[in-house]
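# Summary of structural features
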Amino acid sequence: MASGKAILVTGSHRSGTTWVGKMIAASPAVGYIQEPFHPGRRPGVCRATFPYPFAYVTDENGAAFYHHMKATLSFQFQFGAVLAALKTPRDVAIMLKYGAEFLFSRARRAIPLVKDPLAVFSTEWLAKRFEMNVIVMIRHPAAFACSLRRRNWRHNFSHFLQQPLLMRDHLFSFEAEITEFVDAEQGILDQAALLWKLIYSTVLKYKQAHPEWMFLRHEDVASDPFPHFEYLFKRLDLDFSPYVQDVIEDYSNPSNPRKISAPFGKRNSRALIGSWKKELTEAEITRLRKKVEDVAEAFYLDSEW
């Protein structure tokens, strides 16, 4: 295993996990691992098969995943699995890129940082089994919903019902709502509202049970990146060096574009915070708030709507 305590950056997708993970990975001591829990990931990063988005791993079913995740956190790239799946020159290029990153991280005994919002329901298992430092990103439900609609990202809620351990431990009180969304497809904003509520009702339990974890609102980090990243680096016992500060400035300063088309890129972080207020109607905002309010009030004030 690498020389330092592994790091998990999770939360909902579209909550800044990539941005925060990449900025921490600017430290020469850290090696970045991209979403091992993603069911559609390319082979090589992790040999475990996660059948659903938001797979729930706990002590009861963790034996099938433990050794694979241990290998991933040790930067053991699975070249055999990749070679068997190669089809195009692009596949070869991606294999070489990720394989080289893993080999370099392993050679320098880097601290593994896993960025994976799809691991959010498995956070307690990962933290316990691999003694990980945990950072949980939180994003305003209206901003989350607006982002999903912009990309037309819909969700298959049957994946939750097909995980009885997850339903038992975290989502039992939402079973009727989930079933309704499985029986008849709902509008994308309604889907986003329910998905946000499922994720952050669980995060709220984490916050109450794990004061040692780091919980950050995307809006707070985006509005003033430097003190928040300085806090993270201090908590993680990493050097907040001039080089790291320059990287953070480069990726968040006001001269950057207000919108980015790629999954990760340089952005005007402050300008992104309230963009949902221009894209959603008052009726849509009111509808979203009503659907998530019982959970959202633990994270956001009335004035932040």
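Our subject is the structure listed above.
Described in the following lines is the structure provided in the data block.

The rules behind each value
- Throughout this document, residue positions are counted from 1 along each chain, in the order its sequence is written.
- Reporting in this predicted model follows two pLDDT cut-offs: at least 70 for local features of residues, and 80 or more for side-chain atom pairs to be given and counted; totals over whole chains, interfaces and linings ignore these cut-offs and use all residues.
- In computing side-chain values, all of the structure's heavy atoms are included and hydrogens and water are not.
- To qualify as a helix, a DSSP run of H or I must reach at least 4 residues; to qualify as a strand, a run of E must reach at least 2; elements of each kind are numbered from the N terminus.
- Each radius of gyration reported is based on C-alpha atoms, and the globular scaling rule is 2.2 Å times the count of residues to the power 0.38.
- Burial classes: relative accessible area under 20% of the type maximum marks a residue as buried, over 50% as exposed, and values in between as partly exposed (1.4 Å probe, protein chains only).
- For this analysis, residues touch if any pair of their heavy atoms sits within 4.5 Å.
- For every element, the axis is a line fit to its C-alpha atoms; helices are fit only across the contacting stretch, and the angle between N-to-C directions ranges from 0 to 180 degrees.
- Should an angle fall under 35 degrees it is taken as roughly parallel, and over 145 as roughly antiparallel, whereas 65 to 115 is taken as roughly perpendicular and any remaining angle as oblique.
- In this scheme the handedness of a crossing depends on how the near helix is turned from the far one: anticlockwise by less than a right angle means left-handed, clockwise means right-handed.
- Lining residues are those with an atom within 4 Å of a point, where the points come from a 1 Å grid over the protein atoms alone and group into cavities, where a 1.4 Å probe fits but cannot get out, or pockets, open sets with protein on both sides within 12 Å along at least five of seven lines.
- Grid points are joined across faces, edges and corners, and a volume is the space filled by probe spheres set on the points.
- The nonpolar class holds Ala, Val, Leu, Ile, Met, Phe, Trp, Tyr, Cys and Pro. Asp, Glu, Lys and Arg form the charged class, and all remaining residues, Gly among them, are polar.

### What about the overall build of the protein chain?
When you go through the protein chain residue by residue, the secondary structure sums to 16 helices and 5 strands. Its C-alpha radius of gyration of 19 Å places the protein chain within 12% of the 19 Å reference for a compact globule of 305 residues. Oriented by its inertia axes, the alpha-carbon framework of the protein chain measures out at about 55 × 45 × 40 Å. Of all 305 residues assigned to the protein chain, the portion counted as buried reaches 53%. Taking the contacts inside the protein chain whose residues are at least 6 apart along the sequence as the reference set, 74% of them involve residues at least 24 apart.

### What about the packing of helix α12 (residues 225–235) against helix α13 (residues 242–252)?
When two helices pack together, their arrangement is captured by the angle between the axes and the distance separating the axes. Two elements in contact, α12 and α13, have axes separated by 11 Å at closest approach and are oriented at 140°. With respect to α13, the element α12 is oriented oblique. Considering how the two elements wind past one another, α12 and α13 form a crossing that is right-handed. Here P225, F226, F229 and F233 of α12 come into contact with α13, specifically with V244, Q245, I248, E249 and S252.

### With respect to the layout of surface pockets
By volume, the second largest pocket is sized at about 360 Å³. What lines the second largest pocket is a set of 17 residues, and nearest its centre among them are R41, R42, P43, I94 and Y98. Counting residues per element, the lining of the second largest pocket draws most heavily on helix α4 (residues 89–107), which supplies 5 residues. In terms of residue class, the lining of the second largest pocket is made up of 9 nonpolar, 3 polar and 5 charged.

### What about empty space enclosed by the protein?
Counted according to the given criterion, the structure contains 1 cavity of 30 Å³ or more. In this model, the largest cavity occupies a volume close to 40 Å³. Mapped onto the lining of the largest cavity, the elements with two or more residues apiece are β2 (30–34) and α4. When the residues that make up the lining of the largest cavity are grouped by side-chain class, the tally is 5 nonpolar, 1 polar and 1 charged.

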